[in-house]
Amino acid sequence: MAKKKSRKSKSSKKISNDEFHKLQYSEQSSQKKHKNSKQYRSSDNNQSNSRNTNFNNNDVEYCIPTETVEILNLKNTNEIVKIDNPNIFFNRCMSKNTTSKSANKQGHLRNMNNICHSKYLTKMMSNLENRQDEIINNLKNSGYCVKSYKMKNDYRIVIGLGGAHVFETNMLLHHIYGIPHIPGSALKGLAKAAAVENIREYINSNDLTESIKQKNESLLKKLFKKRMEKEKISINDIENHIIITKLVSHILESEDSLKCKEGNVLKDIETYKKIFGTQKSKGRAIFFDAYPIGNINMKLDVMTPHFPDYYGEMESKTPKTYPTDYQSPNPIVFLVLSNQEFKFNIGIKLYDEDYDSNGAPIVDNNKLLENTTELLKYGLSELGIGAKTSIGYGYFE
């Protein structure tokens, strides 16, 4: 059999440094000419209908829609980092190499810190604080009972870390202002968790657990029916703190009442129901979004899962990998806020049922506001908010 002739690849031909620079210059000139002719390539080799412009900046190729380029009037790659909105830069100015090269990913995240210290963003945050103060004053003039106060994160905090993002980790940024913030819904959930914790601690400290379990046995069997049938256990086999926590949480959000001989517990439950509301009644408390005060102290942090293969199969019904030492650690860089101060605003709104026939209030809105403020402060200082609270993130002082 005749031997096939080996064909030498043209790319294997050696070229000198001068020839390489000439070739690189010719390619850059060709790309520049191509851009000036307004013939932009579409992403994914023309498989997508949306047209993208590719900017190359320090070996990082950004893919930005052509319409965005025209609106922002970007002329070269260096202008990409001049975008003043962190949300746009973090979620829209993605690099082709960002997910494949950790150095480019870290550089992209470091630019977030530069954007957060821009003059435009500093001025915008000042205007936002003034606007929120004006809204609070208008609510006070309209009869609302509102309180504002500031608290500072004593270490680090990150909200929305588990959100979907190309970086595997995320940070919740305002969709308009682009700055980190804590949603009012998260603050309400934290305050309600603090209310449950307060009642549970009072029950434990006064040795009311067993009596409450006996008097509310029928309700507990309904709440734990699926677990008892699945694990084939009785209500006495479940830990007391789990029973009380779930029972109190159910009582606070439903129309059911707690059977208890202690009057203080029942009084607190009725107060918390007025604050947060139930499935059939509105809550009086209003939790506003909390925004940073002063400079945004954004930093890079890193977590290193040592068993990536094991964690990747945790959700599988038939995992085959064990947490062994031969697996390679996988450092993951993510954004956090460090020692950041926030401003919190809480309001109380009374409804028609809170007034008598003469129009006089039968509910003390100042007392409700005081109780709500105490719950939120307790939650921020003792329970924490956001991700990684088990290692000290998300606590305030």
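Anything mentioned here points back to the structure above.
All values reported here derive from a predicted model rather than from experimental measurement.

Trainee: Hey, could you run me through the overall build of the protein in this one?
Mentor: The secondary structure content of the protein amounts to 14 helices and 9 strands. Across the 397 residues that make up the protein, the buried fraction comes to 39%. As presented, the protein carries roughly 24700 Å² of accessible surface, and 47% of it is formed by carbon and sulfur atoms.

Trainee: Before we go on, may I ask you to explain the pattern of salt bridges in this structure?
Mentor: Side-chain pairs of opposite charge can arise whenever the charged atoms involved come near each other. Tallied over the full model, the rule gives 6 salt bridges. The closest approach of N and O atoms between Asp-301 and Arg-156, which form a salt bridge, is 2.8 Å. Placement of the pair is Asp-301 in strand 7 (residues 298–303) and Arg-156 in strand 4 (residues 156–157), with a sequence separation of 145 residues. Put simply, Arg-227 and Glu-231 hold a salt bridge, and the shortest N to O gap is 3.5 Å. With Arg-227 and Glu-231 both in helix 10 (residues 225–231), this residue pair falls 4 residues apart, about one helical turn. Arg-227 gets classed as partly exposed once you look at its relative accessible area, which sits at 29%.

Trainee: What's the story with the nonpolar core in this structure? I'm lost.
Mentor: One recurring pattern in soluble globular proteins is that nonpolar side chains are buried together. Core analysis: the biggest nonpolar cluster contains 80 residues, and Ile-182 and Phe-344 have the highest contact counts within it. In this structure, Phe-344 is in contact with Lys-147, Ser-148, Tyr-149, Met-151, Ile-182, Leu-187, Ala-290, Leu-376, Leu-380 and Phe-396, ignoring residues within four places of it in sequence.

Trainee: How should the sheet that holds strand 8 (residues 332–338) be read in this particular structure?
Mentor: Strand pairing in a sheet takes place through backbone hydrogen bonds and is either antiparallel or parallel in direction. A sheet is described by the order of its strands in space; here 3 strands give the open sequence 4-8-7, paired in antiparallel fashion. The open sheet has two edge strands with one neighbour each: strand 4 and strand 7. Two elements, strand 7 and strand 8, share 6 bridges in a ladder whose sense is antiparallel. What sits directly across from Asp-301, in strand 8, is Phe-334.

Trainee: Is there a simple way to explain the environment of Val-265 in this structure?
Mentor: Within the element layout of this structure, Val-265 appears in helix 12 (residues 263–276). On the basis of relative accessibility, which here comes to 2%, the residue Val-265 falls in the buried class. In sequence terms Val-265 and Ile-203 are 62 residues apart; their C-alpha atoms lie 7.9 Å from each other.

Trainee: For this particular structure, what's the right way to read helix 6 (residues 119–141)?
Mentor: Compared with the 33 Å implied by 1.5 Å per residue over 23 residues, the 33 Å span of helix 6 between its first and last C-alpha is a close match. What helix 6 keeps buried is the set Leu-121, Met-124, Met-125, Leu-128, Gln-132, Ile-136 and Leu-139. Two residues or fewer after helix 6 comes Gly-143, characterised by a positive phi angle close to 105 degrees.

Trainee: What exactly am I supposed to notice about the side chain of Thr-321 here?
Mentor: For Thr-321, the location among the structural elements is in the loop between helix 13 (308–312) and strand 8. Beyond its immediate sequence surroundings of up to four residues, Thr-321 is in contact with Asp-309, Tyr-310, Glu-313 and Gln-327.

Trainee: Looking at this structure, how should I read the packing of helix 7 (residues 184–205) against helix 12?
Mentor: In helix packing, the relevant descriptors are the interaxial angle and the interaxial distance, both defined with respect to the helix axes. Where helix 7 meets helix 12, the closest approach of the two axes is 11 Å, and the angle between their N-to-C directions is 175 degrees. The angle between helix 7 and helix 12 places the two elements in the roughly antiparallel class. Contacts between helix 7 and helix 12 pair Lys-188, Ala-191, Lys-192, Ala-195, Asn-198, Ile-199, Tyr-202 and Ile-203 from the former with Asn-264, Val-265, Ile-269, Tyr-272 and Phe-276 from the latter. Looking at side-chain class alone, the contact of helix 7 with helix 12 contains 9 nonpolar, 2 polar and 2 charged residues.

Trainee: Explanation requested: the packing of aromatic side chains in the structure shown.
Mentor: Each aromatic ring pair is characterised by the separation of its centres together with the angle its planes make. Tallied over the full model, the rule gives 8 aromatic pairs. Residues Phe-90 and Phe-167 carry aromatic rings whose centres are separated by 5.8 Å and whose planes lie at 65 degrees to one another, so their mutual orientation is edge-to-face. Residue Phe-90 is located in helix 4 (residues 86–91), and its partner Phe-167 is located in the loop between strand 4 and helix 7; the two are separated by 77 residues in the primary sequence. The exposure class assigned to Phe-167 is buried, which follows from its relative accessible area of 3%. Measuring from ring centre to ring centre gives 6.4 Å for Phe-342 and Phe-344, while their planes differ by 35 degrees; the resulting arrangement is tilted. Every member of this aromatic cluster is reached through a ring pair, and the members are Tyr-149, Phe-342, Phe-344 and Phe-396. The ring of Phe-224 is capped by Lys-246, whose NZ or CZ atom sits 4.9 Å from the centre of that ring. In this structure, Lys-377 packs its charged tip against the face of Tyr-149, placed 4.7 Å from the ring centre.

Here is what the cut-offs are and how they apply
- Residues numbered from 1 in each chain as written.
- Predicted model: local features only at pLDDT ≥ 70, side-chain atom pairs only at ≥ 80, totals over all residues.
- Heavy atoms only, no water.
- Helix = DSSP H or I, 4+ residues; strand = E, 2+ residues; numbered from the N terminus.
- Buried < 20%, exposed > 50% of the residue type's maximum accessible area, 1.4 Å probe, protein only.
- Areas by Shrake-Rupley, 256 points an atom, 1.4 Å probe, with all protein chains shown as cover.
- Salt bridge = Lys/Arg side-chain N within 4 Å of Asp/Glu carboxyl O.
- Core = buried A, V, L, I, M, F, W, Y, C linked by side-chain atoms within 4.5 Å.
- Contact = heavy atoms within 4.5 Å.
- Pairing = 2+ DSSP bridges.
- Expected span 1.5 Å × (residues − 1).
- Axes fitted to C-alpha atoms, helices over the stretch in contact; angles between N-to-C directions.
- Parallel < 35°, antiparallel > 145°, perpendicular 65-115°, else oblique.
- Nonpolar A, V, L, I, M, F, W, Y, C, P; charged D, E, K, R; others polar.
- Phe/Tyr/Trp six-rings, centres within 6.5 Å; stacked < 30°, edge-to-face > 60°.
- Lys NZ or Arg CZ within 6 Å of the ring centre and 35° of its normal.

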